[in-house]
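Structural characterization, general
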There are 2 protein chains.
Amino acid sequence: MTESGLRTPPALAPDTLRIVPLGGIGEIGRNMTVFEIDGKLLIVDCGVLFPEEDQPGVDLILPDFSYIGDRLEDVVGVVLTHGHEDHIGAVPYLLRLRNDIPLIGSQLTLALVEAKLAEHRMQPWTLTVTEGQLEQLGPFQCEFVAVNHSIPDALAVFIRTAGGTVLHTGDFKMDQLPLDGRRTDLRHFARLGEEGVDLFLVDSTNADVPGFTTSEAEIGPTLEVLFGKAGKRIIVASFSSHVHRVQQVLNAAVLHGRKVAFVGRSMVRNMAIAAKLGYLNVPANVLVDLKDVGKLRDDQVVLMSTGSQGEPMAALSRMANGDHKIAVGIGDTVILASSLIPGNENAVYRIINGLLKLGADVIHKGTAKVHVSGHAAAGELLYCYNILQPKNVMPVHGETRHLIANGRIAQSSGVPASNVLLTSDGAVIDLAEGRARIVGQVECGFVYVDGQSVGEITDEDLKDRRILGDEGFISIITVVNRSTGKIVSGPDIHARGVAEDDSVFDEIKPRIAAALEEAVTASTDHTTHQLQQVVRRVIGTWVNRRLRRRPMIIPVVLEA
Amino acid sequence: MTESGLRTPPALAPDTLRIVPLGGIGEIGRNMTVFEIDGKLLIVDCGVLFPEEDQPGVDLILPDFSYIGDRLEDVVGVVLTHGHEDHIGAVPYLLRLRNDIPLIGSQLTLALVEAKLAEHRMQPWTLTVTEGQLEQLGPFQCEFVAVNHSIPDALAVFIRTAGGTVLHTGDFKMDQLPLDGRRTDLRHFARLGEEGVDLFLVDSTNADVPGFTTSEAEIGPTLEVLFGKAGKRIIVASFSSHVHRVQQVLNAAVLHGRKVAFVGRSMVRNMAIAAKLGYLNVPANVLVDLKDVGKLRDDQVVLMSTGSQGEPMAALSRMANGDHKIAVGIGDTVILASSLIPGNENAVYRIINGLLKLGADVIHKGTAKVHVSGHAAAGELLYCYNILQPKNVMPVHGETRHLIANGRIAQSSGVPASNVLLTSDGAVIDLAEGRARIVGQVECGFVYVDGQSVGEITDEDLKDRRILGDEGFISIITVVNRSTGKIVSGPDIHARGVAEDDSVFDEIKPRIAAALEEAVTASTDHTTHQLQQVVRRVIGTWVNRRLRRRPMIIPVVLEA
């Protein structure tokens, strides 16, 4: 144990596979796992995490690349299991460090990551793979397995090494009647299980949900009924990568003689990619450009929109605020065909209330079957464990509560408790001779993207922001004459976000001035910092007592 | 219509009852309704609303009392339907305006409000009432009706006036097997229905939940099973006013030979009141003081705690952070016997994850039947409408989505759509000759309590806080010599919450200085404000372009 609580891992022994998750363990997002053997590294996924309310102003959170920072030349490739942001979103930031790391993934996954990289003016090296395919990447033999998820063309990856075999599911569920017929391939899982899975890295997102995830196909009939009842415009919101959800909207539109316009930049972009590659089957004449929607009758229109999570700048939120060219009105039907990610509730309910006030009917997963999850629930996970019978299990992709629930399912299938690894980001796990062990812990902090800056904002900055946001600040500026020690200007007080009129400070200014002049007179060798501390003390005490607040206090003393 | 969108209501006609909700319509909280006839006012409830994440630093939100501000002498009393904060929390602030307004309520309700007022060093005038009781309060004849809710001794109030009759439910549900045998009195409702309910003000909180709320009594058996399985300490968290939930915890503790310690100031206070008045039946020797818990074996302990909504300073949150004298450990059982109020999800999940990391088992309403709601679901509301057959309906206590759902239930029971009033805070409704009409709209903003200040913080201050919290600020201080126009100190740049090291500003300082000196030289009659605008422009453009951020910019130019 080092002082910081980190445990330096031992040197990697021969014929041992090292696994280091740099994200996704203890959080839903920034999934990234590093595999190492024979001096080479293989990365699976490289995603972003979205900030919570105690990380104000942060745009994105990246995995901490510092563990591999000086080993980038040893990276043989990044396997991307599917095209969601929490699995591909950090790729541009990794490629800034070395731009020729090969990206390995399915056709759709690579198309989505290439579109993202194009926005960063980057062009990656890629290797397109498909289910059943074998690729030797340095000392790693990768075999890809079809899995079903809320985006098409997702893959699990089976990794054979001299240290043992690992199956990493990526995100998956086990829809037995998927829209594209591409199920999670349990025959393939069975073959791998018979060969022997030494370590199973398995999606935990829904491990605490009992039973089975409903089939995506059950949403189509609900949409058809809702479309049949709608008398005016229909607006459907979902994730912009949910090709099968959009497919069912297109199908229902055709059935009811409506045309569909895509709304929102990512929806337009992703559906163009999905249609071009054949993942989205676009019936003839069903699409219409948003700018031409006005030429149609209201009952001929479907708007397929982003913003289902209440994102304030997305189209749906602006419609709910009456701040979008589409003026939602009485009789319009809005369908939130989407999940409700914890933390987004208030934002989403604000949108629902706004749309209802405008007279729209609003349907969401609380009132109709318009959403199913993309992740395997407890019952499905148990099938997996029973088919694979892995020697060791490491739940991934989840908060502590999900990881623990998943570990319990593994145990209920017969995996010994000692072979279930509950880890955290930065854990170092060594696999050899069929046994996986936690052998150390490396530094693995949050890396914040904030405007143009990557990794420059610190937790201290965020603490400042939380104080500023909750309490505001008071800045007190005083100019002192260097030779006479007299105040020549100020104290000038500027306050923002503090609950009072500026005139409230009039009573404290003379006391600050007096305390400052006293300090200047008392000692000739005072520092500016000492004078500022005098100001801080006087006003801090007063503010706490008088206003019962604790704003940030910025005392500035200038000598002129 | 006035310019602000307010519609001045007409003078109140004779034999007309005016109803003005000052809170609770369009939000869950700060419930308050004003009734007026013959120059007298009756108030029902006076609660607080808890702030959301876009109201940073706010402690509480009050109803806007300005509508009754100059009519306080006409107030005949405040009927308090039950003792929850969203119905009584603003009473101290109302009594600051006139301290002898009589408070009317049940025994428990008044005891809770008196305890609250004692903390504000206030002693109210009170009138204790019970179900069936009639009280003439000026021109208002009030008849009280037993209703069941998640706190004992709740009352609905039936108000007879020359303008018509109104039944206000307060908060309620229709548990048919309540723990104390005190059901919502449907026989009483039936009698009032036969007499005639001109206007029905009805709790909408669960109107969008289909079916029926499960009985509170079903939680007892679950607790008994959980207590039976627990090998070490048991920690139960719930609202501190939920006497029946606590009663069932006490019962389960007795059954399993455990002792219960109350944890959290409001839990200790409320349970003392409830026990003293006989609402909580405390078996002999079941209670133990928190400070004596250490003398018991772990399997003899139940801690009954506050903090079920993730409140960061409450006992449960501190236990999850390992920051409480009760050190939660492996094998302890934590039961969140509570709702999950939208907006609190992340805070509550953080606690669950923290407790799981410490080795505790965590049970919550997602995993076991340890919570039922306190509000009538759609099926129960339909019973009410059918028994009461009101002439007019005004859904109260809810966001737009709840009010609309409740209105639809009313219509499905046969109330004509034109007699269902969907209103908002500040709406003015006149009731005469069996017809209720919206006749105006009065000013009814949020009144923020923030530290010592009430109503001083504005929405503009909150906007400042949101900017400060998301983006931080940059303050630029420059001292200019009044006579020479030369800069004698600065530009001095102070930034907080901005994602960069202060040295990043070095490159912009000379440009600010140059722009300032140019401005001073160019015109001799410049104002300080103009100079500050020069600074703001230079640094604002640079920050947006260079950092891609929009922090608050505070330019200060002092002339010395």
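Note that the coordinates shown come from a computational prediction; the quantities given were computed from them, not determined experimentally.

Okay, helix α5 (residues 219-229) of chain B next. Residues and elements named next belong to chain B. For α5, the set of buried residues is I219, G220, T222, L223, L226 and F227. Summarising the axial view, the buried residues of α5 lie within an arc of 160°, below the 170-degree limit, and thus occupy one face. Buried residues in α5 make contact with β13 (234-237), α6 (243-255), β15 (301-305), β16 (333-336) and β17 (361-364).

All names here are of chain A. Counting across every chain of the model gives 0 disulfides over all chains. Among the cysteines around C444, which has no disulfide bond, C46 carries the closest sulfur, lying 12 Å off. We classify C444 as buried; its relative accessible area is 15%.

Quick look at helix α6 (residues 243-255) of chain A now. Residues and elements named next belong to chain A. The terminal C-alpha atoms of α6 lie 18 Å apart, and with 13 residues this matches the ideal 18 Å at 1.5 Å per residue to within 8%. The element α6 is extensively covered by neighbouring structure, given that 10 of its 13 residues are classed as buried. Of all the positions in α6, only V243, H244, R245, V246, Q247, Q248, V249, L250, A252 and A253 are classed as buried. The elements touched by buried residues of α6 are α5 (219-229), β13 (234-237), β14 (259-263), α7 (265-276) and β15 (301-305). Positive phi shows up at G257, right after α6, with a value of about 65°.

Under the definition given, this model contains 9 aromatic pairs over all chains. Measuring from ring centre to ring centre gives 6.1 Å for F446 of chain B and Y448 of chain B, while their planes differ by 80°; the resulting arrangement is edge-to-face. Centre to centre, the rings of F505 of chain B and W542 of chain B are 6.0 Å apart; their planes meet at 55°, and the pair counts as tilted. With F505 of chain B in the loop between β24 (487-496) and α13 (509-522) and W542 of chain B in helix α14 (residues 528-547), this residue pair connects regions lying 37 residues apart in the sequence. Across the ring face of Y349 of chain B, the terminal group of R401 of chain A is positioned such that the distance to the ring centre comes to 3.5 Å.

We now examine the domain arrangement of chain A. Residues and elements named next belong to chain A. Considered domain by domain, chain A is made up of domain 1 (17-211 + 374-450), domain 2 (217-364) and domain 3 (459-559). In this structure, domain 1 and domain 3 have C-alpha centres spaced 52 Å apart. Of the residues lining the interface, 7 residues belong to domain 1; the matching set on domain 3 comes to 4 residues. Taking both partners together, domain 1 and domain 3 bury about 450 Å²; carbon and sulfur atoms supply 53% of that area. Broken down residue by residue, the surface that domain 1 buries against domain 3 is led by D54, P56 and Y448, which jointly contribute 74%. Taken together, domain 1 and domain 3 are joined by 1 salt bridge. Residues R465 and D450 are paired through a salt bridge, measuring 2.5 Å at the closest nitrogen-oxygen approach.

Taken as rigid bodies, chain B and chain A are interconverted by a rotation of 180° and an axial shift of 0.1 Å, the fit giving an RMSD of 0.1 Å. Both chain copies can therefore be described as sitting about a two-fold axis. Across chain B, the smallest distance between a C-alpha and the rotation axis is recorded for G469 of chain B, namely 1.9 Å. In this assembly the copies share their binding face: 100% of the residues contributing to the interface of chain B also contribute to that of chain A.

Turning our attention to the pairing of strand β11 (residues 164-168) of chain A. All names here are of chain A. The buried count for β11 comes to 5 of 5 residues, which makes it a mostly enclosed element. Sheet topology note: the strand β10 (residues 154-161)/β11 ladder contains 5 bridges and is antiparallel. Opposite V157, over in β11, you have H168 as the bridge partner. Adjacent in sequence and paired antiparallel, β10 and β11 are bridged by 2 residues. When β11 meets strand β12 (residues 199-203), the two strands line up parallel, connected through 3 bridges. The residue of β12 that forms the bridge with V166 is L199. With helix α4 (residues 186-195) bridging β11 and its parallel neighbour β12, the resulting β-α-β unit is right-handed.

Our focus in this paragraph is the UniProt feature "binding site: substrate" (unreviewed entry) in chain A. Residues and elements named next belong to chain A. The UniProt record marks S240, S241, H242, H371, V372, S373, G374 and H375 with the feature "binding site: substrate" (unreviewed entry), using the residue numbering of this structure. Secondary-structure assignment places S240 in the loop between β13 and α6. Leave out the neighbours within four places in its chain, and S240 touches S266, M267, N270, M271 and T306. Among the polar contacts listed, one links the side chain of S240 to the side chain of S266, at a separation of 3.0 Å. Tracing the backbone through its elements, the reader meets S373 in the loop between β17 (361-364) and α10 (378-388). The residues contacting S373, other than those within four sequence positions of it, are K173, N206 and T213.

So, on to the interface of chain B and chain A. Residue-level contacts link 58 residues of chain B with 58 residues of chain A. Approximately 5200 Å² of surface area, both sides summed, lies buried where chain B meets chain A, with 53% of it carried by carbon and sulfur atoms. Notably, a salt bridge pairs R350 of chain B with E53 of chain A, separated by 3.4 Å at the nearest N-O pair. Linking chain B with chain A are 24 residue pairs in polar contact (both at pLDDT 80 or more). For the side of chain B that touches chain A, the secondary-structure elements that each account for two or more residues are α9 (345-357), α11 (400-412), α12 (459-471), β23 (473-480), β24, α14 and β25 (552-559) of chain B. The element contributing the most residues to the side of chain B that touches chain A is α9 of chain B, with 8 residues.

This next bit is on the pattern of salt bridges. Oppositely charged side chains may form a pair once their charged atoms are brought near each other. With the rule as written, the count across this model stands at 64 salt bridges over all chains. Among the ionic pairs, K291 of chain A bridges to D292 of chain A, the shortest N-O distance being 3.7 Å. According to the relative accessible area criterion, K291 of chain A is exposed, its value standing at 62%. Here D292 of chain A falls in the partly exposed class, since its relative accessible area comes to 22%. For the salt bridge of D450 of chain A with R549 of chain B, the shortest nitrogen-to-oxygen distance reads 2.1 Å. Here D450 of chain A is found in strand β21 (residues 447-450), whereas its partner R549 of chain B is found in the loop between α14 and β25 on a different chain.

A few words now on the packing of α5 of chain B against α6 of chain B. Residue and element names in this part refer to chain B. The contact between α5 and α6 brings their axes to 9 Å, and the two run at 40°. With respect to their mutual orientation, α5 and α6 come out oblique. As α5 runs across α6, the sense of the crossing is right-handed. Between α5, through I219, G220, L223, E224 and F227, and α6, the contact on the second element is made entirely by R245, Q248, V249, A252, A253 and L255. For the contact of α5 with α6, the per-class residue count stands at 7 nonpolar, 2 polar and 2 charged.

Here we come to the side chain of R258 of chain B. Residues and elements named next belong to chain B. Within the secondary structure layout, R258 lies in the loop between α6 and β14 (259-263). Buried within the structure, R258 lacks any salt-bridge partner; its nearest side chain of opposite charge belongs to D299, at an N-O separation of 6.1 Å. A distance of 3.2 Å separates the side chain of R258 from the backbone oxygen of A230, its partner in a polar contact.

Another point: the packing of helix α13 (residues 509-522) of chain A against helix α14 (residues 528-547) of chain A. Residue and element names in this part refer to chain A. Axis separation between α13 and α14 bottoms out at 9 Å; the angle between their running directions is 150°. Relative to α14, the element α13 lies roughly antiparallel. Classified by chirality, the crossing of α14 by α13 is right-handed. The residues of α14 that touch α13, namely those facing R511, I512, A515, L516, A519 and V520, are L531, V534, V535, V538, I539 and W542. For the contact of α13 with α14, the residue count by class is 11 nonpolar, no polar and 1 charged.

Once that is clear, we can look at the side chain of T423 of chain B. Residue and element names in this part refer to chain B. By the secondary structure assignment, T423 is in the loop between α11 and β19 (427-432). By relative accessible area, T423 is classed as buried at 12%. Leave out the neighbours within four places in its chain, and T423 touches P21, I25, M394, L403, I429 and I438.

Here is what the cut-offs are and how they apply
Residues numbered from 1 in each chain as written. Chains lettered and ligands numbered in written order. Predicted model: local features only at pLDDT ≥ 70, side-chain atom pairs only at ≥ 80, totals over all residues. Heavy atoms only, no water. Buried < 20%, exposed > 50% of the residue type's maximum accessible area, 1.4 Å probe, protein only. Helix = DSSP H or I, 4+ residues; strand = E, 2+ residues; numbered from the N terminus. Arc of directions from axis to C-beta. Contact = heavy atoms within 4.5 Å. Disulfide = S-S within 2.5 Å. Expected span 1.5 Å × (residues − 1). Phe/Tyr/Trp six-rings, centres within 6.5 Å; stacked < 30°, edge-to-face > 60°. Lys NZ or Arg CZ within 6 Å of the ring centre and 35° of its normal. Domains from an automatic or database assignment. Buried area = accessible area lost by both parts, 1.4 Å probe. Salt bridge = Lys/Arg side-chain N within 4 Å of Asp/Glu carboxyl O. Least-squares fit on C-alpha atoms with pLDDT ≥ 70 in both. Pairing = 2+ DSSP bridges. Right-handed = clockwise from strand over helix to strand, strands pointing away. UniProt positions renumbered as here; feature names shortened; annotations may be inferred. Polar contact = N/O pair within 3.5 Å; in protein donor to acceptor, adjacent residues only side chain to side chain. Axes fitted to C-alpha atoms, helices over the stretch in contact; angles between N-to-C directions. Parallel < 35°, antiparallel > 145°, perpendicular 65-115°, else oblique. Left-handed = near helix turned anticlockwise from the far one by under 90°. Nonpolar A, V, L, I, M, F, W, Y, C, P; charged D, E, K, R; others polar. Lys, Arg positive; Asp, Glu negative; His and termini not counted.

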